[in-house]
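# Residue-level structure breakdown
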Amino acid sequence: MEDQQPNEIPSPAGTPTSEHSEITVVPAAEEPNKRPLPAGMPANQPPEITIVPPAEEPTPPLDSDSIIPKPAAPSTPFARARHFCTTRRGLIGCGIITLILFVILVPVFLVYLVPRIAQHNLDASTLHLDNVTIKNATADGFEIAALGRVDDAGRVSATVHTVGPCKMSWISPPSSSVQRQREVEIGMLEGMPDIDVDGLRGRGDVKIDDGVVRLVDKAGMTEFVKFAAGAEKIVWRLVGSVTVKVFGMRLQGLKLDKQIVMKDPDNYLSKRNRANEALSL
């Protein structure tokens, strides 16, 4: 057999054939904008990239307002109301509310509370009469003069004026353990003077110069005279209508209701007139 030759690849047309073909490597064209690598840096190693931060601008100095931290938002209704009142709008609103309350509460205080305070002071006070003198007794009445005072009348300066006569009664003690005490109306007391109460001391002086008692129950007066002759003390009761001048106002429709305890009644009826008074009644 004949030796088979290996298949030969035909050369392209126009290419000379030879036993050994030469291959020529043409370098690629360099990019026009490509920068040359630094000396000593391998071609296959990427260049190191250094990022330079921008220069910081100088910080202005902080003032006192910027140093103080802002308050946190209020979380409760009371805190919100307090925060509201610290603002300009809140101050104006609080001022308007205060003015409205002042306009409403002042008349209520003057019309409603002041008369009740005055009546309370009248009820809590005590009336004392000393050096009482009863004279010129007749079938219709008698004259009375006395010095006394009012204690525990409150710490407000006021003037108490009696309107019209006051009913004058005698509290008759019980004659036995079964019988109750009785209130015997004697007459109407005229000429009760004004009482000036000193607010600092809570008291005022009482001076009756020309008091007149108009008898209403002559039998009651006779019983009173007989009882006063040997009694250690007697108790009178005065009831009347008064006005009180306080804070520049005149309070009307107030009531005076006082019990007056007088000891040693022998000083009230003179021995010279006691018999005549008992006979005239």
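This text follows the structure it describes.
Small disclaimer: the values here were computed from a predicted structure and weren't measured. Numbering of residues starts from 1 in each chain and follows the order in which that chain's sequence is written. Local features in this predicted model are restricted to residues of pLDDT 70 or higher, and side-chain atom pairs are both shown and tallied only at a pLDDT of 80 or more, whereas totals for entire chains, interfaces and linings draw on every residue. Derived side-chain values reflect all non-hydrogen atoms in the structure, with water molecules and hydrogen atoms excluded from consideration.

## Details of the nonpolar core
Within the largest apolar cluster, 43 residues are counted, with the highest numbers of intra-cluster contacts made by Leu-129, Val-206, Phe-224, Trp-236 and Leu-238. Strands here are runs of E lasting at least two residues and helices are runs of H or I lasting at least four, both read from the DSSP assignment and numbered beginning at the N terminus. A per-element tally of this core places strand S7 (residues 233–246) first, with six residues. Only buried residues count toward a nonpolar core, which is a set of Ala, Val, Leu, Ile, Met, Phe, Trp, Tyr and Cys residues joined through side-chain atoms within 4.5 Å. Residue burial is assigned from relative accessible area. The probe radius is 1.4 Å, only protein chains are included, and a residue is buried under 20% of its type maximum, exposed over 50%, and partly exposed in between.

## Concerning the pattern of salt bridges
Basic side-chain nitrogens of Lys or Arg form a salt bridge, by our definition, when they fall within 4 Å of a carboxyl oxygen of Asp or Glu. One pass over the structure, following the stated rule, counts eight salt bridges. Here Arg-237 and Glu-183 are joined by a salt bridge, their closest N and O atoms 2.9 Å apart. Residue Arg-237 is located in strand S7, and its partner Glu-183 is located in strand S4 (residues 182–190); the two are separated by 54 residues in the primary sequence. For Arg-237, a relative accessible area of 21% corresponds to the partly exposed category.

## Re empty space enclosed by the protein
Site definitions follow a grid-based scheme: protein atoms alone, a 1 Å grid, a 1.4 Å probe that fits but cannot get out for cavities, and for pockets an open set with protein on both sides within 12 Å along at least five of seven lines, plus lining residues having an atom within 4 Å of a point. Grid points are joined across faces, edges and corners, and a volume is the space filled by probe spheres set on the points. Counting across every chain of the model gives one cavity of 30 Å³ or more. One number sums up the size of the largest cavity: a volume of about 40 Å³. Around the largest cavity, the lining residues are Leu-129, Ile-144, Met-168, Leu-189, Ile-208, Trp-236 and Leu-238.

## Regarding unusual backbone geometry
Here the phi dihedral of Asn-136 falls at roughly 50°; this positive angle occurs in a residue that is not glycine. A positive phi angle, close to 55°, is found at Phe-247, a residue other than glycine. As for its placement among the helices and strands, Phe-247 is situated in the loop between S7 and strand S8 (249–263). Using a relative accessible area of 56% as the deciding quantity, one classes Phe-247 as exposed.

## Topic: the layout of surface pockets
It is the rolling of a water-molecule-sized probe over the atoms that shows where space remains empty. Here the largest pocket defines a volume of roughly 300 Å³. Residue lining of the largest pocket: 21 residues in total, with Ala-118, Asn-121, Leu-122, Ala-153 and Val-160 positioned closest to the centre. When contributions to the lining of the largest pocket are tallied by element, the ones reaching two or more residues are helix H3 (88–124), strand S1 (126–135), strand S3 (158–172), strand S5 (195–197), S7 and S8. Charged residues are taken to be Asp, Glu, Lys and Arg, nonpolar residues to be Ala, Val, Leu, Ile, Met, Phe, Trp, Tyr, Cys and Pro, and polar residues to be all remaining types, Gly included. Looking at side-chain class alone, the lining of the largest pocket contains 17 nonpolar, three polar and one charged residues.

## Observations regarding the side chain of Asp-151
The topology assignment puts Asp-151 in strand S2 (residues 141–151). By relative accessible area, which is 16% here, Asp-151 ends up buried. The definition of a polar contact used here is a pair of N or O atoms within 3.5 Å, where within protein one atom must be able to donate a hydrogen and the other to accept one, and adjacent residues in sequence count solely through side-chain atom pairs. A distance of 3.0 Å separates the side chain of Asp-151 from the side chain of Arg-149, its partner in a polar contact. Residue contacts follow a heavy-atom distance rule, with two residues in contact if any of their heavy atoms lie within 4.5 Å. Sequence-distant contacts of Asp-151, that is, excluding residues within four places in its chain, are made with Ser-125, Thr-126, His-128, Gly-202 and Arg-203.

Nothing here speaks to function; it is geometry throughout.
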